[in-house]
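Observations on the model geometry
These are the residues of each chain, in order.
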Amino acid sequence: MKRILLIATGGTIASRPTEDGLKPEISTEEILSYVPEIKDVAEVSCIQLFNIDSTNLYYKHWLAITECIKNNYDEYDGFVVTHGTDTMAYTASAISYLVQNSKKPIVFTGSQKSIYMKDTDARNNLYNAFLYACSPYACLVHIVFEGKIIIGNRARKTRTKSYNAFSSVDFPEVGVIRDGRIIMYITEYVEKFYPDFYFDLDHKVFVYKIIPGDDFSALWLIKDKFDALVLESFGAGNLPLYENNALVKYLRDWTTSGKTVVVTTQVPYEGSDMCVYETGRTFKNETGIIEAYDMTLESVVSKLMWILAITREQKEVEELFYKPVQKDII
């Protein structure tokens, strides 16, 4: 029987009603008590790393999760991380960069309703997460949710209330779990015996959503406070070419100052292709930006934080950004 470490971080799965709304208060031991079948699947140990709403979870917590996995890596065959759904895709993406080439699975799961409720999705999700973590196919970083096995840096929360909360964006689910049976569509393999761990992030990444008629003056105001800018464009990577070409000037100013600018799209699926229209090609040719193509926003943000902690040299940043990590970019 495999030894799996449960790392609890809070979230809805661990929440109880309070006067101020749902709040994470349920311990790891109580969480496991609701799914006694897990003891037939794995030998489980627990760490309550923190117990917070995932809305309050950010880059310093990603580093704490990484350190916890590193400190316990030799003792366990895999890891299950319980996490709130709101920022789970960000955390799973970040861990895919902070813990690369792991032969041992790192499986994120959570729920849309607390595990103490009768009609919850939590118990099934938790059981499936352990089932997958113990399977011979499991490795690397994934989210297991509502029977789906999704690559961590391909996941996005696409529904706020439904049990079917997560989607795999522009890449197939690698497998599904049905009635306790794991069906793999894509088999992943890791050659390295020991993963590559990273323990530093540059969190000075700003995400800016373009809206029609914007004068973009905010980009001038924030430039000195951030090391990278992620622009959420229209359509296939199109950015406005208004009469004064203000955005071209602002982006050129960012990149000539040694800052990194990445253009992604506001459209949920099918990614960017900035060479299709003049309103994309002009920016790509004249401003020194990087294009996100089919990467998720969560992946773009966390990958930039990882890269900029390694190097600020623009050519090296671009090379690392376009180097695939667990199928984050195709």
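Refer to the preceding data block for the structure.
Computed from a prediction, not measured in an experiment: that's the story for all the values here. (Residues numbered from 1 in each chain as written. Predicted model: local features only at pLDDT ≥ 70, side-chain atom pairs only at ≥ 80, totals over all residues. Heavy atoms only, no water.)

Okay, unusual backbone geometry next. Comment: phi is negative for the bulk of residues other than glycine, and the bulk of peptide bonds are trans. Although it is not a glycine, Asn101 sits at a positive phi angle of roughly 60 degrees. Note on Asn101: relative accessible area 30%, which makes it partly exposed. Positive phi, normally seen in glycine, also occurs at Asn245, with a value near 50 degrees. Relative to the helices and strands, Asn245 is located in the loop between β16 (228-233) and α6 (246-256). Here Asn245 falls in the partly exposed class, since its relative accessible area comes to 34%. (Buried < 20%, exposed > 50% of the residue type's maximum accessible area, 1.4 Å probe, protein only. Helix = DSSP H or I, 4+ residues; strand = E, 2+ residues; numbered from the N terminus.)

What follows is about the packing of aromatic side chains. Inspection of every chain in the model, using the stated rule, returns 14 aromatic pairs. Each ring, one from Tyr97 and one from Trp306, has its centre 5.8 Å from the other, and the planes form 15 degrees; the classification is stacked. With a gap of 209 residues between them, Tyr97 in helix α3 (residues 88-98) and Trp306 in helix α8 (residues 297-308) connect regions that are remote in the sequence. For Tyr97, a relative accessible area of 0% corresponds to the buried category. Grouped by ring-pair contacts, the aromatic residues Tyr73, Tyr76, Phe79, Tyr194, Phe197 and Phe199 constitute a single cluster. One residue, Lys104, lies across the ring of Tyr73, its end atom 4.6 Å from the ring centre. The lysine or arginine in question, Lys303, covers the ring of Phe321, its NZ or CZ lying 5.7 Å from the ring centre. (Phe/Tyr/Trp six-rings, centres within 6.5 Å; stacked < 30°, edge-to-face > 60°. Lys NZ or Arg CZ within 6 Å of the ring centre and 35° of its normal.)

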